[in-house]
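Spelled out, the chains give:
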Amino acid sequence: MIKTSYAFDQAILPAGSSLKTNLLLRFRADIPESGRRDLNLSLVIDRSGSMAGAPLFHALKAAESVVDQLEANDILSVVVYDDAVDTVVPPQSVNNKSALKNAISKVYAGGITNLSGGWLKGCEYVKQQLHPQKINRVLLLTDGHANMGIQDPKVLTATAGQKAEEGMITTTLGFDQGFNEDLLIGMARAASGNFYFIQSIDEAAEVFSIELDSLRAVVGQNLKVTLELADGVNLVDVLSLAKFEQNHVGQPVITLGELYEGEDKLLGLSLEIPAAQIGQLPVMKLHYSADVVQNDIIQSVSGTTDVVAKVGTVEESAFASSSHIILDLSRLTIAKAKETALNLAEHGQHQEAEQTLRALVQELRNKGLNENFEIAEEIDQLEYFAGRIAQKALGNAGRKELRDQTYQAMTRTRSDLVGRGVTAGDEIYAMPTVNEVGSGVELYCVREGGKLRVKVLSDGYDATKNVQFPRAIRAEGARYVVEGVELSTDGSFYRVSGKINRFAKPGEADIFVAPRQSRSTSTGKAAKGPASAADLLTTDSVNNGILVQCVKDGSKLRARVVSDGYEPDWNMRFPRSIREEGMLYVVDEIKIAPDGKSYIACGDIKRFVQPNTSN
């Protein structure tokens, strides 16, 4: 069965006047501890040119770590795609892990991004092994935009929803900074799957592990809630990130997706309540249904809960406490404000977006919630994003962090998914620096579980405690000197006091010196190659170069750009002496030719060699 509970942000509503209030609903699969369900899993991995080097290396290492965590009864397939779709591991039981990992290790970077082709092949393999008692899931990883095959986000999103109705749920994983977060989040939402932003390429295995933990904990699916509102009660907003529609009689129907063992599924609602007399006020009937594991099989369960508000005098309302739900509602309110601010900013309303976030900061402080470390961290995030939006400098990385934080807070209650973000802003480079600690306190910034945390280095303090610290000047590896730190009211974390300087230790390289704007030294002249490709210097990283691939086009060998942001179908002026089918090259510069519809390779050319995960 499903256990439900509810609470209002005002435990007692004041009589005699209409008002707006927030309601928090909790759902949990109330079942005995169940055995682990077998997985029917397809890993679909982008191997396009933009993944070349370290990104693909870490993605494949993460895929190998998935193999290590699976069991013999699980089914696994592995698909890789660039403009071609290849099956690395056809659907099979996980019996020979060494052979599976060996097959994965042989994947190399290729061309452009046929996301739809790779994803649909993964769906096909999951469908072949589809079983209602298994967790049937496609994990789609990409670092770029779809530029081949089906590219329309609306079509891909709608198709993800259709596949989910057939039992094949998709989880999307956005890798680094080049992917389309709107597309991946849209697909995940439509499919009732999960979405993850893998911000640092070396945390890919950690994020895959989080998803596997989640899949093992699935005890219910297709949780759907219908709201039968009482007369005079209006639904103003849904604070959770869920699919919303109306049934044939106009009642709100909210789809919340999966239920996880030991984890509440939260639904936040903002309501308008009519004026009422002292007593009990019926607010709604809550109808819910889900497919839940019972006696080791999936069974459909449903139920109804009456939601009733207590109405009292103004004095009773003022003194009634709802502290047990304030934090959960605050998390949802913060996430909703971030979503609202981003939408405003993207419509050019930067001042309104900034005010939305700063007003919430003030509200949280007025409630004393800054004494809770998690909310104190969120306040720093809100101030950081408010500042970036005000400067019209949110940027690609900031947008992805903001969308990821909103998504995770409004869909899950896992602490290791909330508030993730490791991007360093330009502010770190503009900070005043000192070369000695003196009478101050030394701090340092470290990445923990996809978050930037600040700790105390100086003696006499608890080095395990977190420090509340401005998000705008956090950067992994940075050290700081502050005038002082003080304990929070509950003694669980520190706050900085006084002036903050960045600490540059004498004799050590300062990695946060303001970066200089580099100027290209290219002459703009077409690149010249040696006698053969074998004479080229090699590299295993793309860095600031552009990746080029040589492909067979009829009877000719053609060079094309496979890095994101270029037209892969354009011809290119490229040294014929070094063209070899399938070879990848890193070129200093690509220029548009005078005809405006072809490219010229300029500067140095190196042969790209993919790092091997078996090393």
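Quick caveat, the model's predicted, so the values are computed rather than measured.

1. Remarks on the overall build of the protein
From N to C terminus, the protein includes 12 helices and 28 strands. Against the compact-globule benchmark of 25 Å for 615 residues, the protein has a radius of gyration of 27 Å, which places it among compact chains. In terms of overall dimensions, the protein has a C-alpha envelope of 90 × 65 × 50 Å along the principal axes. Expressed as a percentage of its 615 residues, the buried residues of the protein come to 52%. If you take every contact in the protein between residues at least 6 apart in sequence, the share linking residues at least 24 apart comes to 72%. Accessible surface, the protein: about 26900 Å² in total, of which carbon and sulfur atoms supply 46%.

2. Considering the environment of I198
For I198, the position within the fold is in strand β9 (residues 195–198). Overall, I198 belongs to the buried group, its relative accessible area being 0%.

3. What about the environment of L19?
With respect to the helices, strands and loops of the structure, L19 is situated in strand β3 (residues 19–29). For the pair L19 and T255, spaced 236 residues apart in the sequence, the C-alpha separation amounts to 27 Å. Not counting the four nearest positions on each side in its chain, L19 is found in contact with Q10, L13, P14, L271, E272 and I273.

4. Side note on unusual backbone geometry
Phi angles above zero are rare outside glycine, and N222 is one such case at about 60°. Its location among the elements puts N222 in strand β10 (residues 218–229). One non-glycine residue with positive phi stands out, namely N543, at about 50°. Among the structural elements, N543 can be located in the loop between β23 (538–539) and β24 (546–553). By relative accessible area, N543 is classed as exposed at 67%.

5. Focus: the sheet that holds strand β7 (residues 135–142)
With respect to topology, 6 strands assemble into an open sheet ordered β6-β5-β4-β7-β8-β9, the strand pairing being mixed. Whereas interior strands pair on both sides, the edge strands pair on one side only; in this sheet they are β6 (85–93) and β9. When strand polarity is set aside, the average angle formed by the axes of neighbouring strands in this sheet is 15°. With 4 bridges connecting them, strand β8 (residues 169–175) and β9 associate as parallel partners. When the sheet's bridge partners are listed, L173 is paired in β9 with Y196. Sheet strands in contact with helix α1 (residues 54–69) are β4 (39–46), β5 (75–81), β7 and β8, and its direction is about 170° off that of β4.

6. Details of the pairing of β5
In terms of burial, β5 is a largely internal element, 7 of the 7 residues being buried. Burial along β5 is two-sided: the face carrying I75, S77, V79 and Y81 and the face carrying L76, V78 and V80 are both buried. As paired strands, β4 and β5 are joined by 7 bridges and run parallel to one another. Across the sheet, the residue bridging to I45 is V80, located in β5. The parallel pair β4 and β5, bridged by α1, forms a crossover whose chirality is right-handed. Two strands pair when backbone bridges link them, and β5 and β6 are joined in this way by 6 bridges, in the antiparallel orientation. Bridged to L76 within β6 is Q92. The turn linking β5 back onto β6 is made up of 3 residues.

7. Quick look at the sheet that holds strand β14 (residues 265–273)
Taken in spatial order, the 4 strands line up as β1-β3-β14-β11 in an open sheet, and their pairing is antiparallel. At either margin of the open sheet sits one strand with a lone partner, and together these are β1 (2–8) and β11 (234–238). With strand direction ignored, the average angle separating the axes of adjacent strands in the sheet is 30°. Bridge count for β11 against β14 is 4 bridges, and the pairing is antiparallel. Along β14, the bridge assignment pairs N234 with E272.

8. Structural notes on the pattern of salt bridges
According to the stated counting rule, one finds 44 salt bridges in the structure shown. We note a salt bridge from E346 to R399, for which the minimum N-O separation is 2.2 Å. One end of the pair, E346, is in helix α8 (residues 323–346); the other, R399, is in helix α11 (residues 395–411), with 53 residues separating them in the sequence. Exposure remark for R399: the relative accessible area of 15% places this residue in the buried category. Each member of the salt-bridge network shares a partner with another, and the members are R26, R28, D264, D328, R331 and E374.

9. Considerations on the packing of α1 against helix α6 (residues 204–216)
As a packed pair, α1 and α6 sit with axes 8 Å apart at the nearest point and diverge in direction by 35°. As α1 packs across α6, the resulting crossing turns out to be right-handed. Within the contact between the two elements, α1 uses H58, A62, S65, V66 and Q69 and α6 uses A204, A205, F208, S209, L212 and R216. Tallied by class, residues from the contact of α1 with α6 come to 6 nonpolar, 4 polar and 1 charged.

10. Remarks on the side chain of R412
With respect to the helices and strands, R412 occurs in the loop between α11 and α12 (427–430). Given the relative accessible area of 5%, R412 is considered buried. Within the structure, R412 has its side chain in polar contact with the side chain of E263 (distance 2.9 Å). Each residue touching R412, except ones within four places of it in the same chain, is listed here: N194, Y196, S214, Y260, E263 and L417.

11. With respect to helix α4 (residues 153–165)
Helix length check: α4 (13 residues) gives 19 Å between terminal C-alpha atoms against 18 Å at 1.5 Å per residue, within 8%. Taken residue by residue, α4 has L156, T159, A160, G161 and K163 as its buried positions. In this structure, the buried side of α4 is in contact with α3 (115–128) and α5 (181–191). Near the N-terminus of α4, the side chain that reaches the backbone nitrogen of K154, with its oxygen 2.9 Å away, is that of D152.

12. Here we look at the packing of aromatic side chains
Taken as a whole, this structure holds 13 aromatic pairs when the rule is applied. With a centroid separation of 6.3 Å and an interplanar angle of 65°, the aromatic rings of F27 and Y288 are classed as edge-to-face. You can see F27 sitting in strand β3 and its partner Y288 sitting in strand β15 (residues 279–294), a full 261 residues away along the chain. For the pair F27 and Y288, one class covers both residues: buried.

13. With respect to the pairing of strand β28 (residues 598–608)
Bridging between β23 and β28 involves 2 bridges; their strand directions are parallel. Bridge pairing links T539 to F608 in β28. Here strand β26 (residues 571–573) pairs with β28 via 3 bridges, running parallel. The residue of β28 that forms the bridge with M572 is Y599. Of the pairings in the sheet, the one linking strand β27 (residues 584–592) to β28 comprises 7 bridges and is antiparallel in character. Across the sheet, residue V587 finds its bridge partner in β28, namely I605. With antiparallel pairing between neighbouring strands as the criterion, β27 and β28 make up a hairpin whose turn holds 5 residues, including G596 at a positive phi of roughly 75°.

What counts, and where the lines are drawn
Residues numbered from 1 in each chain as written. Predicted model: local features only at pLDDT ≥ 70, side-chain atom pairs only at ≥ 80, totals over all residues. Heavy atoms only, no water. Helix = DSSP H or I, 4+ residues; strand = E, 2+ residues; numbered from the N terminus. Rg over C-alpha atoms; globule rule 2.2 N^0.38 Å. Buried < 20%, exposed > 50% of the residue type's maximum accessible area, 1.4 Å probe, protein only. Contact = heavy atoms within 4.5 Å. Areas by Shrake-Rupley, 256 points an atom, 1.4 Å probe, with all protein chains shown as cover. Pairing = 2+ DSSP bridges. Axes fitted to C-alpha atoms, helices over the stretch in contact; angles between N-to-C directions. Right-handed = clockwise from strand over helix to strand, strands pointing away. Salt bridge = Lys/Arg side-chain N within 4 Å of Asp/Glu carboxyl O. Left-handed = near helix turned anticlockwise from the far one by under 90°. Nonpolar A, V, L, I, M, F, W, Y, C, P; charged D, E, K, R; others polar. Polar contact = N/O pair within 3.5 Å; in protein donor to acceptor, adjacent residues only side chain to side chain. Expected span 1.5 Å × (residues − 1). Phe/Tyr/Trp six-rings, centres within 6.5 Å; stacked < 30°, edge-to-face > 60°.

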